[in-house]
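# A look at the structure
Below, each chain spelled out in residue letters.
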Amino acid sequence: MPQVSLKVNGKKVTVEVEPRTLLVELLREKLGLTGTHIGCDTSQCGACTVHLNGDSVKSCTMLAVQAEGAEVLTIEGLARPDGTLHPMQEMFREHHALQCGYCTPGMVMSAIDLVNKHPEGLTEEQIREGLEGNLCRCTGYHNIVKAIAAAWEIMHGKKAARAA
Amino acid sequence: MYNFAYHKPASLADAVKILSADPEARPLAGGQTLIPVLKQRLNKPSQLVDLAALGLAGIKVSPTALTIGAMTPHAAVARSAEVRKAIPGLADLASWIGDEQVRHRGTIGGSLANNDPSACYPAAVLALGATIKTDRREIAADDFFQGMFTTALEPGEIITEVAFPLPVEKSAYEKFRQPASRYAMVGVFVAKGPKGVRVAVTGAGQNGVFRVPEMEDALAKSWSPDSIAAIKVSPDGLVSDIHGSAAYRSHLITVMAKRAVAKAG
């Protein structure tokens, strides 16, 4: 079986995989990082979104072997070791941007990439367009959009994060 | 997913060698179509040849051409200041293919080689009269697209880059998205450049992307939405499915073409 070496949440790992093993399967089944969800079999729902070298990607739509040498960031890599949440996670909590929580890890990962890539500002329309690849079946997106707008303010230093 | 052997060759020659020796081997570009297809077990390649290590990504501009490497992801084309300046319609098209995650992985070469009848890039490549360069030759856009999921590529032939002739005076893309899948039900790219005025339609034709000569003639005389308002593409040969009839798609072509012309300014 081929071996793949990559960095996941800052830690170097080397794992044996089949060529057909998906990145999401490597994360969930080999590394036990089950925060990254699988919500569909058709590459549409975005629940499996992680960052690959700083870009949001659907980890169900790439092979683990394609991630050779890459840096992967998952939902587990966001909070600080002391448990302080990432501002995006904090704002999702603050604005009640989740109900069942299934899509949430993917939403948060997409949202962080979106905010990082738009230091100049984000309109509501841009946020909604930016979430094109993430489906939520319960909250109706409204509070997710609010949470992302609020997180933008914190992540770009316009507003301080609430003390934990 | 059925299993397969995986290769990541370091040279174009090696990639071509593996693909040419095995008709069941498939090239892997961004994988945003191929991997979902494999997950559904709709395809069973013996080997996948990953093109990621061949140095095929990148954007170059000269006074006569904008050249985009085959492995350049859509997001890179969308964000490129050079593309925005040289052919704004092309950058705009790339900025709303699929979704953000797909745009980070999906590539121009993969899109063209697949030639999905609803893909966006074929419309730009045909309307801008681009040249598709491969490991062995150059193919004009007019000769490249040969019907649904069919191209002029030979078995084992790999797209290396796509050259868009410059200067482009006007360019714009408009599409009407299927509300659920967000694929183009009808997409129209309009362009005025070194190859003249050209209008290409994706999403609508039973044989994939096609040009609309009547609109091209009218726009060459007068570049305005009004000049094409009365031009209809016949529903014969257009796609008819649960999302829209051929007559509806015919109507949408004129509407999208007018919007694209207005957008191009």
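The shown structure was predicted, so the numbers you read here are calculated from the model rather than taken from an experiment.

## Structural notes on the sheet that holds strand 3 (residues 47–50) of chain B
All names here are of chain B. What the three strands build is an open sheet, ordered 1-3-2; its pairing is parallel. Bordering the open sheet on either side are strand 1 (5–7) and strand 2 (25–28), each of which pairs with just one other strand. Across the sheet, the mean angle separating the axes of adjacent strands is 25° when strand polarity is ignored. Two strands pair when backbone bridges link them, and strand 2 and strand 3 are joined in this way by four bridges, in the parallel orientation. Following the sheet pairing, L28 is matched in strand 3 by D50.

## Considering the pairing of strand 8 (residues 159–165) of chain B
Residue and element names in this part refer to chain B. Here strand 8 lies mainly inside the structure; six of its seven residues are buried. Two elements, strand 5 (residues 65–69) and strand 8, share five bridges in a ladder whose sense is antiparallel. Paired with A65 across the two strands is P165, which belongs to strand 8. In the sheet, strand 6 (residues 131–134) pairs with strand 8 via four bridges, with the strands oriented antiparallel. By the bridge assignment for strand 8, T131 is matched with A163.

## Remarks on the interface of chain A and chain B
Contacts between the two partners involve 28 residues from chain A and, on the opposite side, 25 residues from chain B. Note on chain A versus chain B: buried area summed over both sides is about 2,200 Å², and carbon and sulfur give 51% of it. Across the salt bridge formed by B:R177 and A:E129, the nearest N and O atoms sit 3.7 Å from each other. Joining chain A to chain B, the criterion identifies 14 residue pairs in polar contact (both at pLDDT 80 or more). Of all the secondary structure elements, the ones that give two or more residues to the side of chain A that touches chain B are strand 3 (49–52), strand 4 (55–58), helix 3 (104–117) and helix 4 (124–130) of chain A.

## Observations concerning the pattern of salt bridges
Taken as a whole, this structure holds 24 salt bridges over all chains when the rule is applied. Beyond isolated ion pairs, a larger network of salt bridges with shared partners links A:E129, A:E132, B:R177 and B:R182.

## Brief notes about the domain arrangement of chain B
Looking at the assigned domains, one finds that chain B contains domain 1 (1–49) and domain 2 (170–264). Each of domain 1 of chain B and domain 2 of chain B was reduced to a C-alpha centroid, and the two centroids are 34 Å apart.

## Description of the domain arrangement of chain A
All names here are of chain A. Domain annotation for chain A reports domain 1 (3–77) and domain 2 (87–155). On a C-alpha basis, the centres of domain 1 and domain 2 stand 21 Å from each other. Taken together, the contact between domain 1 and domain 2 spans 18 residues of the former and 14 residues of the latter. Here domain 1 and domain 2 share an interface that buries about 1,200 Å² over both sides, 56% of which is from carbon and sulfur atoms. Contact with domain 2 buries surface across domain 1, with H37, H51 and I75 losing the most and accounting together for 38% of the total. The salt bridge involving D55 is made with K117; its shortest N-O contact spans 2.6 Å.

## Brief notes about helix 1 (residues 23–30) of chain A
All names here are of chain A. Within helix 1, the full set of buried residues consists of L23, V24, L26 and L27. End-on view of helix 1: buried residues confined to an arc of 165°, all on one side of the axis. The inward-facing, buried residues of helix 1 abut strand 1 (3–8), strand 2 (11–16), strand 3 and strand 5 (71–73). Positive phi appears at G32, one or two residues downstream of helix 1, with a value of about 70°.

## Things to note about the side chain of B:D50
Along the chain, B:D50 falls in strand 3. For the buried B:D50, no salt bridge exists, and the shortest N-O distance to an oppositely charged side chain is 4.8 Å, to B:K8. Within the structure, the side chain of B:D50 is placed 2.5 Å from the side chain of B:Y6, a separation counted as a polar contact. Here the side chain of B:D50 touches B:A52 through a polar contact of 2.9 Å, landing on its backbone nitrogen. Not counting residues within four places of it along the chain, the set of residues in contact with B:D50 comprises A:Q66, B:Y6, B:H7, B:K8, B:P9 and B:L28.

Rules and cut-offs
Residues numbered from 1 in each chain as written. Chains lettered and ligands numbered in written order. Predicted model: local features only at pLDDT ≥ 70, side-chain atom pairs only at ≥ 80, totals over all residues. Heavy atoms only, no water. Pairing = 2+ DSSP bridges. Helix = DSSP H or I, 4+ residues; strand = E, 2+ residues; numbered from the N terminus. Axes fitted to C-alpha atoms, helices over the stretch in contact; angles between N-to-C directions. Buried < 20%, exposed > 50% of the residue type's maximum accessible area, 1.4 Å probe, protein only. Contact = heavy atoms within 4.5 Å. Buried area = accessible area lost by both parts, 1.4 Å probe. Salt bridge = Lys/Arg side-chain N within 4 Å of Asp/Glu carboxyl O. Polar contact = N/O pair within 3.5 Å; in protein donor to acceptor, adjacent residues only side chain to side chain. Domains from an automatic or database assignment. Arc of directions from axis to C-beta. Lys, Arg positive; Asp, Glu negative; His and termini not counted.

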